[in-house]
Amino acid sequence: MKLNIAVQMDPIARINIRGDSTFAMLLEAQKRGHTISYYTPDKLSLRGEDVVAPVQPLTVRDEEGNHFTLGSAERTKLASFDVILLRQDPPFDLAYITTTHLLERIHPKTLVVNDPASVRNAPEKIFVTEFSDLMPPTLISRDVDEINAFRAEHGDVVMKPLYGHGGSAVFRIMPKDMNFGSLHDMFSVTFREPWVIQRFLPEVKAGDKRIILVNGEFAGAVNRVPAENDLRSNMVRGGAAKATDLSPREREICERLGPALRARGLLLVGIDVIDGHLTEINVTSPTGIRAIARVGGPDVAAMVWDTIEHKRT
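One structure accompanies this document, and this report is about it.

What counts, and at which threshold
Residues numbered from 1 in each chain as written. Predicted model: local features only at pLDDT ≥ 70, side-chain atom pairs only at ≥ 80, totals over all residues. Heavy atoms only, no water. Buried < 20%, exposed > 50% of the residue type's maximum accessible area, 1.4 Å probe, protein only. Helix = DSSP H or I, 4+ residues; strand = E, 2+ residues; numbered from the N terminus. Pairing = 2+ DSSP bridges. Axes fitted to C-alpha atoms, helices over the stretch in contact; angles between N-to-C directions. Contact = heavy atoms within 4.5 Å.

### With respect to the pairing of strand β16 (residues 268-274)
For a regular strand, side-chain orientation follows a simple rule: the groups alternate between the two sheet faces.
Argument step 1. When you tally the buried positions in β16, you get seven out of seven residues, the bulk of the element.
Argument step 2. Judged by which residues are buried, β16 turns out to be covered on both faces: Leu-268, Gly-270, Asp-272 and Ile-274 on one side and Val-269, Ile-271 and Val-273 on the other are all buried.
Argument step 3. Relative to β16, strand β13 (residues 208-214) runs antiparallel, the two sharing six bridges. Each residue of the ladder has a partner; that of Ile-211, found in β16, is Ile-271.
Argument step 4. Direction of pairing for β16 relative to strand β17 (residues 277-282): antiparallel, over a ladder of five bridges. Residue pairing across strands places Val-273 opposite Leu-278, the latter belonging to β17.
Argument step 5. Taking the residues between adjacent antiparallel strands as the criterion, β16 and β17 are bridged by two residues, where Asp-275 takes a positive phi near 50 degrees.

Below is the structure:
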């Protein structure tokens, strides 16, 4: 079965194809003979009852610096596609939320991956708190007294923006840290939403494991080891990708999450686990597919398309 696919993503000219999961999915779709079109989120419109965008035919190549060709743009009703890949990166702001409202108009007759309503209703650092027993102690707040009480209880903590991504603005705060007041002031000015404060997990030095689930089932994993003298293990921040297996605890986490992900139509999800503690459930544009393949892991992109094709038939 050949599918007519559109991908909603950030400008394709700017992606790093070595690490971009969307690109891996597009390569696999093209390999299977599916037709691919492309548009950016700012081009999405609602005209009457029709969700439309000026889409461009897309051809991809696994060649750095020469990885795509686009055809001429043509205004198209998105309901005419079999599948829409919702793959724009955060920030998860009102523009992103508006995208989910518009795409919800055509799903599930046109299969949107991931389900736009569930993407909207499962912010990555909030959805995870539904499984608080699997997490390190966590506070979501911007109230300084609440934060100080949490610090007094747990000592060494990590503080990060609730809707941050890619390891941006992640800080370790030590007990009696003299920088906390200034950091609190900076966060107060920069971020209007609450922040995430978690007990620091020293074993992050051994790696922050990215585990991919496809339709609620374990598909592959990569261990991301922080660079020397950096708290963050994100590969865009210098983290190194290492081959890994799942521990019994990590398999338990996957089994716990699976039914909830399937019920929400969250077909492609990336979870982060440090020392057996679940820290995030990434549903917007999870990365890791190419890194898993590069360290000898399974072909997760093929698993994704097997699942999409099954759903479409």
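The structure having been displayed, the exposition proceeds.
### Considering the sheet that holds strand β10 (residues 157-161)
Argument step 1. If you walk across this open sheet you meet the four strands as β9-β12-β10-β11, and the pairing is antiparallel. Two strands in the sheet have a free side with no partner beyond their single neighbour: β9 (138-141) and β11 (171-173). Along the sheet, successive strands turn relative to each other by an average axial angle of 25 degrees, direction set aside.
Argument step 2. Examined bridge by bridge, β10 and strand β12 (residues 195-199) share five bridges and lie antiparallel to one another. Bridge assignment links Val-157 to a residue of β12, and that residue is Arg-199.
Argument step 3. Contacts from helix α6 (residues 180-190) reach β10, β11 and β12, with the element oriented near 140 degrees to β11.

### So, the sheet that holds β17
Argument step 1. The five strands are arranged β15-β14-β13-β16-β17 in an open sheet whose pairing can be described as antiparallel. The open sheet is flanked by β15 (240-242) and β17, the only strands paired with a single partner. Each strand of the sheet is rotated relative to its neighbour by a mean of 30 degrees, with strand direction disregarded.
Argument step 2. Set on the sheet, helix α9 (residues 300-312) makes contact with β13, β14 (217-225) and β16; between it and β13 the angle comes to about 25 degrees.

### Details of unusual backbone geometry
Argument step 1. Pro-108 follows His-107 through a cis peptide bond whose omega is 10 degrees.
Argument step 2. In this fold, Pro-108 is placed in the loop between α2 (94-104) and β8 (111-113).
Argument step 3. In this structure, the amide linkage connecting Val-113 to the following residue, Asn-114, adopts the cis form with an omega of 0 degrees.
Argument step 4. With respect to the secondary-structure elements, Asn-114 resides in the loop between β8 and α3 (116-121).
Argument step 5. Even without a glycine there, the phi angle at Lys-176 is positive, about 60 degrees.
Argument step 6. The topology assignment puts Lys-176 in the loop between β11 and α6.
Argument step 7. Classification of Lys-176 by relative accessible area gives exposed; the value is 81%.

Treat this as a map of the structure, not an account of what it does.
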